[in-house]
Amino acid sequence: MTQDNGELDSLVRKRIRALRLAQGWSLDELATRARLSPSTLSRIENGQRRLALDQLVTLARALDTSLDQLVENATDDVISSPMIDAARQTMRWPIRADPGMTVVRQRLTDPPPDSPSRMRAHPGREWLVVLSGTAVLLLGNRRFRVETNQAAEFPTMLPHAIGAEGGPCELLGIFDRDARRGHQRNEGSDDASRPAP
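Here is what the cut-offs are and how they apply
- Residues numbered from 1 in each chain as written.
- Predicted model: local features only at pLDDT ≥ 70, side-chain atom pairs only at ≥ 80, totals over all residues.
- Heavy atoms only, no water.
- Helix = DSSP H or I, 4+ residues; strand = E, 2+ residues; numbered from the N terminus.
- Buried < 20%, exposed > 50% of the residue type's maximum accessible area, 1.4 Å probe, protein only.
- Contact = heavy atoms within 4.5 Å.
- Areas by Shrake-Rupley, 256 points an atom, 1.4 Å probe, with all protein chains shown as cover.
- Pairing = 2+ DSSP bridges.
- Axes fitted to C-alpha atoms, helices over the stretch in contact; angles between N-to-C directions.
- Expected span 1.5 Å × (residues − 1).
- Arc of directions from axis to C-beta.

A. Representation of the overall build of the chain in the model. Each helix and strand counted, the chain has six helices and nine strands in total. The buried share of the chain, taken over its 197 residues, is 36%. By sequence separation, contacts in the chain at least 24 residues apart represent 63% of the contacts at least 6 residues apart. Accessible surface, the chain: about 11300 Å² in total, of which carbon and sulfur atoms supply 48%.

B. Region of interest: the pairing of strand 6 (residues 142-147). Pairing of strand 5 (residues 134-139) with strand 6, which is carried by six bridges, proceeds in the antiparallel orientation. Residue pairing across strands places Leu-138 opposite Arg-143, the latter belonging to strand 6. Hairpin connection of strand 5 to strand 6: two residues between the antiparallel strands, including Gly-140 at a positive phi of 65°.

C. Main features of the sheet that holds strand 6. Sheet architecture is open: three strands sit in the order 6-5-8, paired in antiparallel fashion. Looking at which strands have only one partner, the edges of the open sheet turn out to be strand 6 and strand 8 (160-164). Neighbour-to-neighbour, the strand axes of this sheet turn through a mean angle of 20°, independent of strand direction. Pairing analysis gives five bridges linking strand 5 to strand 8, with the strands arranged antiparallel. Among the inter-strand pairings, Leu-139 is bridged to a residue of strand 8, identified as His-160.

D. Summary view of helix 1 (residues 6-22). The terminal C-alpha atoms of helix 1, which comprises 17 residues, lie 24 Å apart, in line with the 24 Å expected from a rise of 1.5 Å per residue. Listing the buried residues of helix 1 in full gives Asp-9, Val-12, Arg-13, Ile-16 and Arg-20. Along helix 1, the residues classed as buried sweep out an arc of 95° about the axis, all on the same side. Those residues of helix 1 that are exposed and angled more than 90 degrees off the buried face are Glu-7, Lys-14 and Ala-22.

This is how it looks when you write it as structure tokens:
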């Protein structure tokens, strides 16, 4: 990569510096990790030295990222629109950087099921935040009240179900690939008390 590459060159240099600062590392610390001299690293960050592929690979490793992420320039698809499932009152957004992850917004009106047989268990992890109202999360033998602005995170191998308490509530959830698959397998069920990503 040469300095003739303009915007990408400048972006990569800023990204190296930003990642170094985010780790709380000095020039000396990153230079040691990347086996470069501090002056070479300083000139790379400041645009006074050509960016060489071998140095970028070494810097990416030292910064605990990949070369692809270090030089990524795809900013055309920043905005995405939701996929809407009106029957389940959900909106879904895939996360482009990790196609296995899904973000779901859902409005719940029903309380959680009172029958343990309606609780689900499947591989994966879920994270959710209550945007408004109060949700009740049944997790194994435990019952949790999750109020507005509170979040819950749990492994989905524990039998679980969620519903509203005292009126409607809105949730925003993040499902990993396995959790999303577990819910998709159950989309045909009559259990409306769980988001179906």
